[in-house]
Amino acid sequence: MTEKFRCFSKAFFAFAMMVSPAWCCAADLDGGQLSAWWGLPFAGLLLSIALCPVFIPHFWHRHFGKISFAWVLAFLLPCVTRFGFGSTVNVTVHVLIAEFFPFVIMLTALFVVAGGICVRGNLHGTPALNTSLLALGTVLAGVMGTTGASMLMIRPLIRANDNRRHATHVIVFFIFLVANAGGSLTPLGDPPLFLGFLKGVDFFWTVKNIFPETLFLCAALLSIFYFLDRRFYQSREEVFPSDRDPTPDSAVRFEGKVNFFLLAVIVSLVALSGIWKSGITVSILGSGVDLQSLVRDGLLIAVVVASLWLTPVEARTGNKFSWSPMLEVAKLFAGIFITIIPVIAMLRAGEGGPFASVVHAVTDRAGEPINSMYFWASGILSSFLDNAPTYLVFFNTAGGDPTALMGKMAATLAAISCGSVFMGANSYIGNAPNMMVKAVAEEGGIKMPSFFGYMLWSSVVLLPLFGLMTLIFF
């Protein structure tokens, strides 16, 4: 990022954030007055995230912040021209304060705490052990997030299998389970569900309502993996002789154990913020924020500081901890949260808005939601675009009212949640941990499938299971 660009971006957002509350009282955007072209910046940013790392990786990794900011300007400048400075600042400040900052603070807390837990030692990668490690990682993903669980478990799994000729399938199923399906039961598990939590979905709603779907998928994947891994393991010359094992078996030990306590603190803070209703709203630059949300975010920041202070340097060094992934997520999601503003407004307009065709596609003639369509539509988009904004799109397509979606439309919200979380595993670009796991595995000497090679795995393994889930649950 050039110095001029950095200064300009900081000045722009500082001015927008510091503007007086008097400017922040304009009405929200009326989606019925917008055309579908207002969704172009959002679509352009998502396509950039999906395609640029594949086709122009070096350029993307050097300039993704600038690309994100360019798409933000592609929305903000026309918005100022059409609706005025006050309305533009109002909607932007609201989404940053009420949604973006809490989202990034929670992700940062999980990222820092998980990055402070280093697993040392090595075990022997038998089918039973590999299946157990995948099951453990799947459970942990619901507590510490798919990114945190993936980064905690991937290196021990690679070391356990570095004496085997075939380990690609182990990492592929790790992505299916730990980097995606395991995050489906709590708002901490996967970004889409935390966005739902910020929108008003109860903390324990997902575990109460999509546990059967999660259990079915995870049990099926673990069973398929076990028999596939056993077939490989029993083949001749699968396991290298002990003198060729790069990392001989040794006792497992943990460094940075204090972070297990801090992880429990994070879970408690997020859960309590959903249970405790203070009834007090604080106005920040004209945007109302509940007191419990402010307390949660302030204490999560304290947890980050405590983890950085208390964790031994050796633990983060062993995990090759770096701020780069978190900075990338923050920059890209700042763009996503802002450019999705007109898309949400148009979806909320329902049949009176430009996305009436989307509403019709997931609604029958009686006006009732078609849950199977919600499952597959949210899932297909999550396969190739980021699953967090995909969740928001269909959450709002279904009306955007958390009370209704948790009540009479609970099956619809379950379909959206399952599609967004589970089908993020269909491609490398469906969920952020997928690419991170691939990179770590290749660094560890495992030959991973190409982009389309991986999709062949997901098509053969996942799509039939999703078809069965449609028949059984949706």
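Structure: see above.
As the structure is a computational prediction, the values presented were derived from the model and not from experiment.

Peer 1: Honestly, helix H5 (residues 127–160) in this entry has me stumped. Any pointers?
Peer 2: The terminal C-alpha atoms of H5 lie 11 Å apart, and with 34 residues this falls more than 12% below the ideal 50 Å at 1.5 Å per residue. Helix geometry: H5 is bent most strongly at methionine 144, by close to 125°. Of all the 34 residues making up H5, 25 are buried; the element is thus mostly covered by neighbouring parts of the structure.

Peer 1: Would you explain the pattern of salt bridges in this entry?
Peer 2: Side chains carrying opposite charge are able to pair once their charged atoms draw close together. A full pass over the atoms with the stated rule returns three salt bridges. Of the charged contacts in the structure, one is a salt bridge between glutamate 99 and lysine 199, with a shortest N-O distance of 2.8 Å. Linking glutamate 99 in helix H4 (residues 85–114) with lysine 199 in helix H7 (residues 191–199), this pair joins segments that are 100 residues apart in sequence. Looking at glutamate 99, the relative accessible area reads 12%, which means it is buried. For lysine 199, a relative accessible area of 17% corresponds to the buried category. The partner of lysine 438 in a salt bridge is glutamate 442, with the nearest N and O atoms 3.0 Å apart. Here lysine 438 pairs with glutamate 442, and both are found in helix H20 (residues 432–443), just four residues apart, close to one helical turn.

Peer 1: Just to check I follow, could you spell out the environment of cysteine 418 for this structure?
Peer 2: Tracing the backbone shows cysteine 418 in helix H19 (residues 410–422). Using a relative accessible area of 0% as the deciding quantity, one classes cysteine 418 as buried. Between the alpha carbons of cysteine 418 and phenylalanine 375 there is a distance of 6.7 Å; along the sequence they are 43 residues apart. With near-sequence residues (within four places) excluded, cysteine 418 lies in contact with Ile210, Glu213, Phe375, Met423 and Phe474.

Here is what the cut-offs are and how they apply
Residues numbered from 1 in each chain as written. Predicted model: local features only at pLDDT ≥ 70, side-chain atom pairs only at ≥ 80, totals over all residues. Heavy atoms only, no water. Helix = DSSP H or I, 4+ residues; strand = E, 2+ residues; numbered from the N terminus. Expected span 1.5 Å × (residues − 1). Bend = angle between axes of the 7 residues up to and from the residue. Buried < 20%, exposed > 50% of the residue type's maximum accessible area, 1.4 Å probe, protein only. Salt bridge = Lys/Arg side-chain N within 4 Å of Asp/Glu carboxyl O. Contact = heavy atoms within 4.5 Å.

By themselves, these are just geometric observations and shouldn't be taken as functional.
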